[in-house]
Amino acid sequence: MTDLDSDTPESGDDAIAEQAITWFARLRAEHISEDERKTFRAWCQANPLHRQAFDEISGFWENADFNRILTGYQKTAPGYRRPLKTAKLSALALAACLALVAVIYRPNISCWQADYCTGIGEIQTVDLADGSRITLNSDTALRVDLGNGRRDVWLQHGEAFFDVYRDRLHPFIVEGRYSSTRVLGTRFVVRENAENDTVTVVSGLVEVGRDRHTPVQLTANDSITVNAERSSAIRQITATNAASWLKGSVSFDNAPLGEVIAEIGRYRRGGVIIKDTALKNLKVSGRFDITDTDKALEALQQTLPIRVFRVTPWLIFIT
């Protein structure tokens, strides 16, 4: 939770927005003390930008289009849906606001523990002293140890493309949360999240292991997913699609809209919420620009029976 009483010099627009969202949710809680209300008034008076941010967050609560989304009513839909009760409406709107706090403004990944780190929407390429090259995708952190003949990398969070310089005497090892990938010289992608690691080979040969289990070998266009309990079967995919983010795009072939939005969301600061479960299952194929996620969302709106509604710069609903 944000410290609502502090306003440090390093607090930028994002920090102020987070505080405003948190105050919006807190002030609509069933129990709020007079001391909290006084603290809120002091926060508003401390900086004109505080009140401006709070008014912007509050504004969409009164927005007619936003309330139509929350009540389940859409202009383009036939018939009429009974509006939600006020309490349920409030809970849903508060959930949206809290989602902003939890998802959009989650604490930054442990960059202070990393040698290389990227922010949301940032892609960075680094050249290592051994001649290898690593490209970090959006919101990624990793550590590197090239000392004493070692070539070890720890992927702490996110996704990275590895173009490894061949050295028979010194294998290159990438440690994910669940997997360990060992190579001599090759090109591959490792993607790490809380649930699993995925390794995809673009060219060459890699060995992927889990704990003390016997590692499996992957060649070009092979992909495997590893979690705490098991490793998946090796899948045949188009590896260039898995690495298409290197060229500023992501590709999908008959993928559900929910998966597509989750992937595009990795490259934007803000939350994209799909209102209905049925919409999440709409199938999507195509290539989308991740350097301009608004453009990608507009392309989806033009090709699917959906409406993209921007509530604030940080919150988008799809209905």
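This structure is a prediction, so every number in the text was calculated from the model and none was measured.

Asks: Kindly report on the packing of helix α7 (residues 257–265) against helix α9 (residues 293–303), identifying the contributing residues and their values.
Replies: With their axes 11 Å apart at the nearest point, α7 and α9 run at an angle of 165 degrees to one another. Taken together, the axis directions place α7 and α9 in an arrangement best described as roughly antiparallel. In this structure, α7 meets α9 at a crossing whose hand is left-handed. Counting all contacts with α7, which are made through L257, V260, I261 and I264, the residues of α9 involved are T293, A296, L297 and L300.

Asks: Now, about the environment of Q156: what can you tell me, with residues and values included?
Replies: Tracing the sequence through the fold places Q156 in strand β5 (residues 152–163). Taking the C-alpha atoms as reference, Q156 lies 5.2 Å from L142; in sequence the two are 14 residues apart.

Asks: For the packing of aromatic side chains, give the residues involved together with the corresponding values.
Replies: All told, the structure shown has 6 aromatic pairs when counted by the stated rule. Positioned over the ring face of W154 is R143, at 4.6 Å from the centre of the ring.

Asks: Explain the environment of E36 to me, and be specific about the residues and the numbers.
Replies: By the secondary structure assignment, E36 is in helix α2 (residues 34–46). Along the sequence, E36 and R26 sit 10 residues apart, while their C-alpha atoms lie 9.0 Å from each other. Contact partners of E36, with chain neighbours within four places excluded, come to W23, R26 and H31. Within the structure, the side chain of E36 is placed 3.1 Å from the backbone nitrogen of S33, a separation counted as a polar contact.

Asks: Outline the side chain of D152, listing residues and values.
Replies: Within the secondary structure, D152 is located in strand β5. Overall, the relative accessible area of 10% leaves D152 in the buried class. Side chain to side chain, D152 and R150 meet in a polar contact 2.3 Å long. When sequence neighbours within four positions are dropped, the list of residues in contact with D152 reads R143, V144, D145 and I173.

Asks: Could you give me a rundown of the side chain of R268, with the residues and numbers involved?
Replies: The residue R268 is located in the loop between α7 and β15 (271–274) in this model. For R268, a relative accessible area of 10% puts it in the buried group. Of the polar contacts made by the side chain of R268, one reaches the side chain of T293; its length is 2.8 Å.

About the thresholds
- Residues numbered from 1 in each chain as written.
- Predicted model: local features only at pLDDT ≥ 70, side-chain atom pairs only at ≥ 80, totals over all residues.
- Heavy atoms only, no water.
- Axes fitted to C-alpha atoms, helices over the stretch in contact; angles between N-to-C directions.
- Helix = DSSP H or I, 4+ residues; strand = E, 2+ residues; numbered from the N terminus.
- Parallel < 35°, antiparallel > 145°, perpendicular 65-115°, else oblique.
- Left-handed = near helix turned anticlockwise from the far one by under 90°.
- Contact = heavy atoms within 4.5 Å.
- Phe/Tyr/Trp six-rings, centres within 6.5 Å; stacked < 30°, edge-to-face > 60°.
- Lys NZ or Arg CZ within 6 Å of the ring centre and 35° of its normal.
- Polar contact = N/O pair within 3.5 Å; in protein donor to acceptor, adjacent residues only side chain to side chain.
- Buried < 20%, exposed > 50% of the residue type's maximum accessible area, 1.4 Å probe, protein only.

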